[in-house]
Amino acid sequence: MAQKLIASALHYKQNPHADALLGKGKRIGCIFLNPSLRTRASTQIAALNLGMEPIVMNMDKEGWALEMRSGAVMNTNTVEHIKDAAAVLGTYFDVLAIRAFPSLTQKEEDVTDFVLHQFIRYAGIPVVSLESATRHPLQSLADMITIQEHALKKPKVVLTWAPHIKAIPHAVANSFAEWALGCGHDLTIAHPEGYALDAAFTQGATITHNQAEALEGADFVYVKNWSSFNDYGKILGSYPDWMLREKHLAQAPQAKIMHCLPVRRNVELSDELLDGPRARVQQQAENRIYAAQAVLAEILREIG
Amino acid sequence: MAQKLIASALHYKQNPHADALLGKGKRIGCIFLNPSLRTRASTQIAALNLGMEPIVMNMDKEGWALEMRSGAVMNTNTVEHIKDAAAVLGTYFDVLAIRAFPSLTQKEEDVTDFVLHQFIRYAGIPVVSLESATRHPLQSLADMITIQEHALKKPKVVLTWAPHIKAIPHAVANSFAEWALGCGHDLTIAHPEGYALDAAFTQGATITHNQAEALEGADFVYVKNWSSFNDYGKILGSYPDWMLREKHLAQAPQAKIMHCLPVRRNVELSDELLDGPRARVQQQAENRIYAAQAVLAEILREIG
Amino acid sequence: MAQKLIASALHYKQNPHADALLGKGKRIGCIFLNPSLRTRASTQIAALNLGMEPIVMNMDKEGWALEMRSGAVMNTNTVEHIKDAAAVLGTYFDVLAIRAFPSLTQKEEDVTDFVLHQFIRYAGIPVVSLESATRHPLQSLADMITIQEHALKKPKVVLTWAPHIKAIPHAVANSFAEWALGCGHDLTIAHPEGYALDAAFTQGATITHNQAEALEGADFVYVKNWSSFNDYGKILGSYPDWMLREKHLAQAPQAKIMHCLPVRRNVELSDELLDGPRARVQQQAENRIYAAQAVLAEILREIG
C-alpha cells in the first residue's frame, strides 16, 4: 500500500489536476482540535486539486470543548459529546479529516488513540488522521515520498532524538519509524536513555543511545524531539549536545536532513544545517500536498 | 410559507444538486458573533449545493468587538460600529447570514432583536438569521422537516424545559413553539414555575408545570433548556428531575426525542434516550442543510 | 502604474467576472498576523472573481507565533521561524497575501518593513501586502479609485490627523500620502505638533499644524489617526478638537469625507459626517474588492 500511495503521490506531483473531477460533489470536513499550518493548507489544496469542497473548522479547547468520556454527566466545561459531534459531521461530509493531539497525561487514552477512534466510531464515514496521539501518517507518507525521490537502494535512515523546551508528542517519530520500516529502509533510532519509543512502532530498527555511531554513513537523518514514553510525557533531560550540527555529520557526507516542521532552530537543529545543502525540509513540506492527495484519491475511489 | 419551505427542503434532501447553478456568481457572507458547529457547516454546505460562494468570518467579542449603541462615543473597547460594518458587508455580499446571541442581561435589546435588526437595517441586502436573540428559524425549519418526515396527522408535540448549568437563551424554544404552532401541530409546553416563555411565541399552546402530564401520549418531545424570561436571563432552580429519561416516557410509547444539539448529556437528557431508538437528533442536524438550502434558494429566486 | 491599476479596477467594478478564468488553477494564500474584516473579505472576493482558489489562515501571536530574528535560539515562545514558514507557503501557493502590523516599539524593524520583507525574501513567489508596518497599498489604491470616480481635475486632497484612544500605525497615512502624490493630487497634510509622518512618504505635500487652514476649499478630506513617528509609537496628546465635524467644513462646501474604516465614531469623526452626504467611506470599502482584483490580475498576467 505504501508503494502504491508513493507512486500515486509522485504522479500527482507531476500533474496535480490529473483527477480534477474525481471528488466532484464530495465534501471533506477538516476538523482541528489543535493548531496547524502545513496540514491545514496542504489538506485543503489536495482536496481542491481533486475537485472536492473542503470545509475547515476549529474545535479547540476554548471554543468548542468536546466531552470524550462515555457516560459523562456533562455539568462542567465540555459543551458537546464527541459521539454527537462526530455523528453530525458524519452526516455533513463524505470524508472527515481530524487533528487531535495527545494529552501527554492520560497514557492509556493516548496510546489507544481514543479521540481519533471515537471520531471513527461515530462518524460512520472515512476518517483521515491529520495527526493523532500516536501517528502522523500523512507526514510519514510525505517523508517516504521525499526519500523515494532520491532513488537510493535501501538507504540508511536515522531517526535521531533532538532537544526541545516543551513536552512533545510521539506521533511523528512513531509514524516515521513505522513507515520507514514498512518501506524496507535500514532504520536506526538514536535517543538518550529514557526516551525509548513505544516498541510497537520500532520493531526491526537498530536502537542506540550513541548518536555519533548512529549517524555514521547515514543517507537520511530525521531530526525530531519527543518526550519520554515510559515516564509518560515527561522531559527527562535537555541534552543540548544532541542538537544536530554539521560537525556531527563528518562521517555521513551524503546525509540529507529531514524534519517535519515547525522546527525550533538552534534548539533541535542548527541554522547551518537547515539553511545548507543537506536540508530536505521544504521538499517534505511540499510533498504533504501530494501525500494528502494520494490518500484522498484512494478514499474517493473506494467510496465511489 | 412553512409548508412550501418544508417541501422544498425535502426535495433538496433527495437531490442536493438540483439547483447547482441557481446561486452562480452570488456570494453569501456568514458572520459569526458566537461559536457554531452545525450552523457553520450546514450553511456553507447549503450555499455550495446551490453554487454560491460562501465566505465565513468570525467577529467575536475579542477580535472585532462591534459597537451597537447609536450615537456612542467610541472611546472604549469596541472597534467598529455595526452600522459601518453591516453596510460594508452589504456591499460585499448578495446575502448575509448572521449569528448573534442575546446578552441575556439587556432584556429590551434582546427582545427587540436589536443586533439582528441593525444588520438588516444597514446591510441593505437579505439577511438570514443563524440564531438571533429571539429566534433560531433555520433550526426550527429543520425541526419541522423532521416532524414532517414522520408523516403523522396532527402530532402531539411537547416542548419540555430541561436542566442546564448555564443561563441559556430562549431562541430555540421560542422558534420551535412559533413554528410548531404555525404548522398546526398540537403543542404542549412544560416547564417549572418561573420559566414561562415570552407569550408572543406560545399563543395557542397548552402550557403546564406538570411534565408527566404533558408527556402523556406525545409523538415528539423536544427537550431544551432556557433561562427565565420574566426574571430575565436568570437560573431560578436546577430541577434535576426534569432531565428527561426513558422512565418519563412510560405513557408515551411512540414518542420521538428531539434536541437541537449541542446537548449536555445526563444533564438535559439521558444517554439512554440519546443513544436509543427514540432519538431523532441526528436527523434534525442533517436537515439543517436542507432547511438552509430551501431558504437560500427562496432568497436567490427573489433577488434574481 | 497607479493609473493603469485604477483603470483596471474600474473596469472590474463594471464587470467583476470579466476575467473569471484568468486565475484558474492558481491559489492565493491569505495570511493574517492581525485581525481583518474588509481586507479578509475583499481579497477573497477579488480572488474568486478571477477564478483563483483563496485559502485563508490566521497566524496570530497566540496560535502560531513566528520567530523573526535571524540566528535566534528558539527556546522561548516562538514556534516557527518566518524563513521556514514563508518558504513552505511559497511552495503551497502561487501568490501570498500578508497582513503584518508594526510593533510600534521596534522602530528600526518597522520602518524597514522587516516582517513583510522576510516573507518576500523567503516565499519566492509574489507577495501582496494586506497592510504592513509602513504601507497599506490596496487601501490606497481603493482610495485613489474613489477619488477618480468623482472625476475632478487636480482635486485638493487633505489628510488630517484625528484623535484616537490607542496608538495606531502609520501605514494608512503613509500610503495615502504616497499614492495621492503619485497620482498628482494637490495634497495637504494637517496634524498637531509632534505627529509629523516619515518624510519619505510626504515629499511634495503641504504640511501644516493648522487644521482649519488645511480644510479650506478641500475636495476630499481623509481622516485618520496615527501615533507619533518621531517619538515612535507614542500618543503625545489627545487633541479632541481635531475630531472632524461638519462645523469644520464651513469653508469646504464640496468636501467629501474619506476614512479607511474601522472608524471610532465621535472620536475620530462625528456621526453627522459619517451618516451625512459627504461620506464616501462605503464607496472606499467597496472599491477594496476592485483594487485587490486589479492587483491580482496584474500579478496573474505576470506569472502566466
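Residues numbered from 1 in each chain as written. Chains lettered and ligands numbered in written order. Predicted model: local features only at pLDDT ≥ 70, side-chain atom pairs only at ≥ 80, totals over all residues. Heavy atoms only, no water.

> What is the right way to read the relation of the copies chain C and chain A from this model?
Here the second copy of the chain follows from the first by a rotation about an axis and a shift along it. Once chain C is rotated about the relating axis by 120° and shifted along it by 0.0 Å, it coincides with chain A to within an RMSD of 0.0 Å. The transformation relating the two chain copies, once decomposed into turn and shift, fits a three-fold axis. Rotation axis and chain C: the residue whose C-alpha lies nearest the axis is Val56 of chain C, separated from it by 5.9 Å. (Least-squares fit on C-alpha atoms with pLDDT ≥ 70 in both.)

> Is there a simple way to explain the UniProt feature "binding site: N(2)-succinyl-L-ornithine" (unreviewed entry) in chain A in this structure?
According to UniProt, the positions carrying the feature "binding site: N(2)-succinyl-L-ornithine" (unreviewed entry) are Glu131, His164, Lys224 and Arg264 of chain A. Looking at Glu131 of chain A, the relative accessible area reads 8%, which means it is buried. Among all residues touching Glu131 of chain A, those that are not within four sequence positions of it are Ile98, Arg99, Ala100, Phe101, His136 and Ala171 of chain A. Taking relative accessible area as the criterion, Arg264 of chain A reaches 3% and is therefore assigned buried. Excluding its chain neighbours within four sequence positions, the residues that come into contact with Arg264 of chain A are His164, Ile165, Lys166 and Leu269 of chain A together with Met74, Asn75, Thr76, Asn77, Thr78 and Val79 of chain C. (UniProt positions renumbered as here; feature names shortened; annotations may be inferred. Buried < 20%, exposed > 50% of the residue type's maximum accessible area, 1.4 Å probe, protein only. Contact = heavy atoms within 4.5 Å.)

> Any chance you could explain helix H6 (residues 137-148) of chain B here in plain terms?
All names here are of chain B. The end-to-end C-alpha distance of H6, which contains 12 residues, comes to 16 Å, matching closely the 16 Å that a straight helix rising 1.5 Å per residue would cover. With 11 of its 12 residues buried, H6 lies for the most part within the structure. Among all positions in H6, only Pro137, Leu138, Gln139, Ser140, Leu141, Ala142, Asp143, Met144, Ile145, Thr146 and Ile147 are buried. (Helix = DSSP H or I, 4+ residues; strand = E, 2+ residues; numbered from the N terminus. Expected span 1.5 Å × (residues − 1).)

> How do you make sense of the nonpolar core when you look at a structure like this?
As a rule of thumb, nonpolar side chains are buried together in soluble globular proteins. Formed by 100 residues in total, the largest nonpolar core has its most connected members in Leu33, Phe93, Leu96 and Phe119 of chain B. Excluding residues that lie within four positions of it along the chain, Leu33 of chain B makes contacts with Met59, Asp60, Leu66, Met68, Ile98, Arg99, Ala100, Val115 and Phe119 of chain B. One finds Trp64 and Ala100 of chain A together with Ala173 and Ile189 of chain B within the second-largest nonpolar core, a separate group that totals 99 residues. (Core = buried A, V, L, I, M, F, W, Y, C linked by side-chain atoms within 4.5 Å.)

> Help me understand the UniProt feature "domain: Aspartate/ornithine carbamoyltransferase Asp/Orn-binding" (unreviewed entry) in chain A, please; the structure alone is not making it clear to me.
Here the UniProt feature "domain: Aspartate/ornithine carbamoyltransferase Asp/Orn-binding" (unreviewed entry) sits at residues 172-297 of chain A. Regarding residues 172-297 of chain A, the helix share stands at 29% and the strand share at 13%, and the terminal C-alpha atoms are separated by 23 Å.

> Whenever I open this one, the packing of aromatic side chains confuses me. Can you help?
The way to describe two aromatic rings as a pair is by their centre distance and the angle between their planes. Residues and elements named next belong to chain A. Counted by the stated rule, this structure contains 18 aromatic pairs over all chains. Seen in terms of ring centroids, Trp161 and Tyr195 are 4.6 Å apart; in terms of plane orientation they differ by 40°. Their pairing is tilted. Remark: Tyr195 occurs in the loop between strand E8 (186-190) and strand E9 (206-208) and Trp161 occurs in strand E7 (residues 156-161); sequence separation between them is 34 residues. Since its relative accessible area comes to 1%, Trp161 is described here as buried. (Phe/Tyr/Trp six-rings, centres within 6.5 Å; stacked < 30°, edge-to-face > 60°.)

> It is not clear to me how the pairing of strand E8 (residues 186-190) of chain C should be interpreted in this structure. Could you clarify?
The two faces of the sheet receive side chains in turn, since in a regular strand these alternate between them. Residue and element names in this part refer to chain C. With 4 of 5 residues buried, E8 is to be regarded as a mostly interior element. For strand E7 (residues 156-161) and E8, the ladder comprises 5 bridges, and the chain directions are parallel. Each residue of the ladder has a partner; that of Leu159, found in E8, is Ile189. For the segment spanning E7, helix H7 (residues 171-182) and E8, crossover handedness is right-handed. (Pairing = 2+ DSSP bridges. Right-handed = clockwise from strand over helix to strand, strands pointing away.)

> Whenever I open this one, the interface of chain A and chain B confuses me. Can you help?
Frequently, the measure chosen for interface size is the accessible area that the parts lose on association. If you look at the interface, chain A gives 28 residues, while chain B gives 27 residues. Across the interface of chain A and chain B, roughly 2300 Å² is buried in total on both sides, 61% from carbon and sulfur atoms. Summed over the shared surface of chain A and chain B, the number is 3 salt bridges. Taken together, the links from chain A to chain B amount to 13 residue pairs in polar contact (both at pLDDT 80 or more). Class assignment for the residues of the side of chain A that touches chain B results in 14 nonpolar, 9 polar and 5 charged. (Buried area = accessible area lost by both parts, 1.4 Å probe. Salt bridge = Lys/Arg side-chain N within 4 Å of Asp/Glu carboxyl O. Polar contact = N/O pair within 3.5 Å; in protein donor to acceptor, adjacent residues only side chain to side chain. Nonpolar A, V, L, I, M, F, W, Y, C, P; charged D, E, K, R; others polar.)

> Which parts of the structure should I look at to understand the sheet that holds E7 of chain C?
All names here are of chain C. Read from one edge to the other, the open sheet built from 5 strands follows the order E9-E8-E7-E10-E11, with strand pairing classed as parallel. Each edge of the sheet is formed by a strand with only one pairing partner; in this case those strands are strand E9 (206-208) and strand E11 (256-258). On average, each strand axis in the sheet is inclined to that of its neighbour by 20°, with strand direction left out of account. The pairing of E8 with E9 spans 3 bridges and is classified as parallel. Its bridge partner lying in E9, Ala190 is registered against Thr208. Where H7 meets the sheet, it contacts E7, E8 and strand E10 (220-224), and its direction lies at approximately 155° from that of E8. (Axes fitted to C-alpha atoms, helices over the stretch in contact; angles between N-to-C directions.)

> It is not clear to me how the interface of chain C and chain A should be interpreted in this structure. Could you clarify?
Taken residue by residue, the interface counts 28 residues in chain C and 27 residues in chain A. Between chain C and chain A lies a buried interface of about 2300 Å² when both sides are counted; carbon and sulfur atoms form 61% of it. At the boundary of chain C and chain A, one finds 3 salt bridges. One salt bridge in this structure joins Lys83 of chain C and Asp275 of chain A, with 2.9 Å as the shortest N-O distance. Residue assignment for the side of chain C that touches chain A shows that the elements contributing at least two residues are strand E2 (53-58), strand E4 (80-81) and helix H3 (82-92) of chain C. Among the elements that make up the side of chain C that touches chain A, the one with the highest residue count is H3 of chain C (8 residues). Residues that form the side of chain C that touches chain A fall into these classes: 14 nonpolar, 9 polar and 5 charged.

> How do you make sense of the domain arrangement of chain A when you look at a structure like this?
Residue and element names in this part refer to chain A. When cut into domains, chain A gives domain 1 (2-135 + 288-303) and domain 2 (139-284). Of note, the centres of domain 1 and domain 2, computed from C-alpha atoms alone, are 26 Å apart. Each partner contributes to the interface: domain 1 provides 23 residues, whereas domain 2 provides 28 residues. Considering only the surface of domain 1 that becomes buried against domain 2, Leu104, Arg135 and Arg288 emerge as the three largest contributors, covering 30% of it. With a closest N to O distance of 2.8 Å, Glu178 and Arg135 form a salt bridge. (Domains from an automatic or database assignment.)

> Sorry if this is basic, but what is going on with the pattern of salt bridges here?
Residues and elements named next belong to chain B. Counted according to the given criterion, the structure contains 36 salt bridges over all chains. One salt bridge in this structure joins Glu149 and Lys13, with 2.8 Å as the shortest N-O distance. Of the two residues, Glu149 sits in the loop between H6 and strand E7 (156-161) while Lys13 sits in helix H1 (residues 2-14), which places them 136 residues apart along the sequence.

> Help me understand the sheet that holds E7 of chain B, please; the structure alone is not making it clear to me.
Through backbone hydrogen bonds, the strands of a sheet pair up, either in parallel or in antiparallel fashion. All names here are of chain B. In space, the 5 strands of this open sheet follow the order E9-E8-E7-E10-E11, with parallel pairing throughout. The open sheet terminates on both sides in strands that have one partner only, identified here as strand E9 (206-208) and strand E11 (256-258). In this sheet, adjacent strand axes meet at a mean angle of 20° when their direction is disregarded. Sheet analysis places E7 next to strand E10 (residues 220-224), joined by 5 bridges and oriented parallel. Bridging across to E10, Val158 finds its partner in Val221. Contacts from helix H7 (residues 171-182) reach E7, strand E8 (186-190) and E10 within the one sheet, and its direction differs from that of E8 by about 155°.

> Looking at this model, I keep getting lost on the state of the cysteines. Mind explaining?
What is meant by a disulfide is a covalent connection between two cysteines, made through their sulfur atoms. Counted according to the given criterion, the structure contains 0 disulfides over all chains. Cysteine Cys183 of chain A remains unbridged, with the sulfur of Cys260 of chain A as its closest cysteine sulfur at 17 Å. Cysteine Cys30 of chain B shares no disulfide, and the gap to the nearest cysteine sulfur, in Cys30 of chain A, comes to 17 Å. (Disulfide = S-S within 2.5 Å.)

> How do you make sense of the side chain of Arg288 of chain B when you look at a structure like this?
In this structure, Arg288 of chain B sits in helix H10 (residues 281-303). With no salt bridge to any partner, buried Arg288 of chain B finds its closest opposite charge in Glu131 of chain B, at an N-O distance of 6.9 Å. Here the side chain of Arg288 of chain B touches Gln139 of chain B through a polar contact of 3.1 Å, side chain to side chain. Ignoring sequence-local partners within four residues, the contact set of Arg288 of chain B consists of Tyr92 of chain A together with Arg38, Thr39, Ser42, His136, Leu138, Gln139 and Ala142 of chain B. (Lys, Arg positive; Asp, Glu negative; His and termini not counted.)

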